[in-house]
Amino acid sequence: MKEKLQKIRENAIAEIEKSDSLAKLNEVRTAILGKKGELTAVLKGMKDVAPEERPKVGQLVNETRGAIEEKLEEIKKKLEAEALRARYESEKIDVTMPAVTNKKGNLHPITQVRNQLIDIFGSMGFEVYEGTEIETDHYNFTALNTPKDHPARDMQDTFYLSPEFLLRTQTSAGQIHVMEAKKPPIKIISPGKVFRSDDDATHSPMFTQMEGLVVDKGITLCDLKGMLDELVKKIFGKETTTRLRPSYFPFTEPSVEVDVSCFQCGGKGCKLCKGTGWIEVLGAGVVNNKVLAGCGIDTDEYSGFAFGIGIERIAMLKYGINNIKLLFESDLRVLDQIDD
């Protein structure tokens with residue numbers, strides 16, 4: 001029995017020392033000290049040992065078990081220390097390396113410009129009116145002094161849904177709804193999507209427009225010029241100025257095209273302004289008396305001005321975008337550069 005226990009002890013310690021992982025060490029523990037282990041089998045055979053020999057045999061078994069458990073604990077601590085070192089190594093952080101950052105999303109350029117314009121006009125006392133994208137021919141054209149045979153209709157290729165309904169070509173239709181429902185004084189902007197059959201580098205079949213309307217007593221073209229001067233300074237910079245050029249729109253008379261002094265070259269002439277020092281940005285004018293009268297407004301007492309801003313046009317100028325399609329393709333290389 002003594003020789004058997006000695007052999008179990010030697011074999012066990014040898015297997016323990018060869019263990020290269022905690023899992024392997026646990027297998028060795030189970031094989032020796034488990035319910036079906038070698039040393040456990042010896043303990044179960046104690047009933048066959050003569051009574052007078054049992055104390056000695058029991059002592060030998062306990063000594064063998066103690067030596068094995070001591071060696072198990074020694075190797076376990078060693079393997080745990082090695083595992084901890086390996087874990088530290090794998091989780092080691094080089095604090096000198098650049099930090100990993102999460103990309104922050106930002107609003108689309110069109111949304112940014114739209115919000116900026118709403119804030120600017122809001123500070124001037126304008127209210128926001130959002131009309132419907134599907135309009136009737138009456139509100140989109142006729143009520144804006146554009147009868148069915150008027151050549152101005154040829155300026156806008158329209159998406160008709162039926163002889164009566166269409167996708168609005170301008171947010172100007174909103175001013176008719178407002179003037180029919182509200183008595184002067186009126187001071188509103190009407191932002192929204194508009195639709196025209198047009199497609200090239202600077203035009204899109206769908207784009208965003210913002211119509212502005214002011215109706216009150218004594219409103220003149222000078223009021224329009226003053227408001228536009230304040231607007232462009234807040235959008236393009238304090239040194240920016242405006243100039244008005246005669247133009248034609250059926251719902252305003254007189255009508256003007258509005259240019260701003262080039263904010264890139266300061267009016268000296270560059271590629272952006274094509275050497276002229278000026279950039280066209282929007283159309284405007286004094287509301288035609290026929291339009292006011294058609295909405296039930298007394299033209300002897302009230303007058304007004306209106307303007308229409310292409311938000312994509314403003315965004316392209318402000319952010320240096322040369323193709324309107326870049327605003328609709330959601331190219332992150334473009335959008336990441338724009339965050340006001």
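Everything that follows concerns the structure shown earlier in this document.
Predicted model only: the values in this text are computed from it and were never measured.

## A short note on the nonpolar core
1) Next: Residues Leu117, Phe121, Phe307 and Ile309 are the most contacted members of the largest nonpolar core, which totals 44 residues.
2) Next: Those elements giving two or more residues to this core turn out to be α5 (109–123), β5 (206–216), α8 (221–236), β7 (252–261), β8 (278–287), β9 (303–310) and α10 (311–319).
3) Next: When residues in this core are grouped by element, the largest group, seven residues, is from α8.
4) Next: When near neighbours in sequence (up to four residues on either side) are disregarded, Ile309 contacts Leu117, Phe121, Thr208, Gln209, Met210, Leu231, Leu282 and Ile314.
5) Next: By size, the runner-up hydrophobic cluster in this structure holds 20 residues, among which are Ile176, Ile188, Val215 and Ile297.

## Brief notes about unusual backbone geometry
1) Next: Omega for the bond connecting Pro184 with Pro185 falls within 30 degrees of zero, at 5°, which places this linkage in the cis form.
2) Next: Structurally, Pro185 is set in the loop between α7 (173–181) and β4 (186–195).
3) Next: The omega angle of the peptide bond from Glu253 to Pro254 is 5°, so this bond is cis rather than trans.
4) Next: If you trace the backbone, Pro254 turns up in strand β7.
5) Next: Of note in this structure, Asn145 is not a glycine but carries a positive phi near 65°.
6) Next: Take Asn145: it is sitting in the loop between α6 (137–140) and β3 (165–167).
7) Next: With phi around 55°, Lys274 is a residue other than glycine that occupies positive phi space.
8) Next: Position of Lys274 relative to the elements: it lies in the loop between β7 and β8.

## Some remarks on the pattern of salt bridges
1) Next: On inspection of all chains with the given rule, the structure shows 14 salt bridges.
2) Next: In this structure, Glu15 and Lys18 form a salt bridge, with 3.2 Å as the shortest nitrogen-oxygen distance. Taken together, the residues span about one helical turn, with Glu15 and Lys18 both in helix α1 (residues 2–18) at a distance of three residues.
3) Next: On the basis of relative accessible area, Lys18 is assigned to the exposed category, the value being 58%.

## Thoughts on α5
1) Next: End to end, α5 covers 21 Å across 15 residues, agreeing with the expected 21 Å (1.5 Å per residue, within 8%).
2) Next: Looking only at α5, the buried set comprises Pro109, Ile110, Gln112, Val113, Leu117, Ile118, Ile120 and Phe121.
3) Next: Positive phi shows up at Gly125, right after α5, with a value of about 95°.

## Brief notes about the packing of aromatic side chains
1) Next: In the structure shown here, the tally under the stated rule is six aromatic pairs.
2) Next: Between the aromatic rings of Phe121 and Phe126, the centroid separation amounts to 5.1 Å while the plane-to-plane angle is 65°, which identifies the pairing as edge-to-face. Here the two residues Phe121 and Phe126 agree in accessibility, since each one is buried.
3) Next: Plain terms: the ring middles of Phe121 and Phe307 are 5.3 Å apart, the flat faces sit at 25° to each other, and that makes the pair stacked.

## Structural notes on α10
1) Next: Burial of α10 is extensive: seven of the nine residues sit out of reach of the surface.
2) Next: Inspection of α10 places Ile311, Glu312, Ile314, Ala315, Met316, Leu317 and Tyr319 among the buried residues, and these make up the whole buried set.
3) Next: Taken together, the buried residues of α10 touch α5, β4, β5, α8, β8 and β9.
4) Next: Residue Gly320 follows α10 closely and has a positive phi angle near 70°.

## So, a nonpolar patch on the surface
1) Next: On the surface, Ile134, Leu161 and Phe165 cluster together into a nonpolar patch covering about 270 Å² of accessible area.
2) Next: Within the secondary structure, Ile134 is located in strand β2 (residues 134–136).
3) Next: Owing to a relative accessible area of 46%, Ile134 belongs among the partly exposed residues under this scheme.

## Details of the pairing of β9
1) Next: Most of β9 is tucked away: seven of the eight residues are buried.
2) Next: In this sheet, β9 lies alongside β5 in antiparallel orientation, the contact comprising eight bridges. Of the residues in β9, the one forming a bridge with Val214 is Phe305.
3) Next: Pairing between β8 and β9: five bridges, direction antiparallel. Residue Gly285 lies in a different strand from β9, and its bridge partner there is Ala306.

How each quantity is defined
Residues numbered from 1 in each chain as written. Predicted model: local features only at pLDDT ≥ 70, side-chain atom pairs only at ≥ 80, totals over all residues. Heavy atoms only, no water. Core = buried A, V, L, I, M, F, W, Y, C linked by side-chain atoms within 4.5 Å. Buried < 20%, exposed > 50% of the residue type's maximum accessible area, 1.4 Å probe, protein only. Helix = DSSP H or I, 4+ residues; strand = E, 2+ residues; numbered from the N terminus. Contact = heavy atoms within 4.5 Å. Salt bridge = Lys/Arg side-chain N within 4 Å of Asp/Glu carboxyl O. Expected span 1.5 Å × (residues − 1). Phe/Tyr/Trp six-rings, centres within 6.5 Å; stacked < 30°, edge-to-face > 60°. Patch = residues over 30% accessible without salt bridge, like charges linked within 9 Å, V, L, I, M, F, W, Y side chains within 5 Å. Areas by Shrake-Rupley, 256 points an atom, 1.4 Å probe, with all protein chains shown as cover. Pairing = 2+ DSSP bridges.

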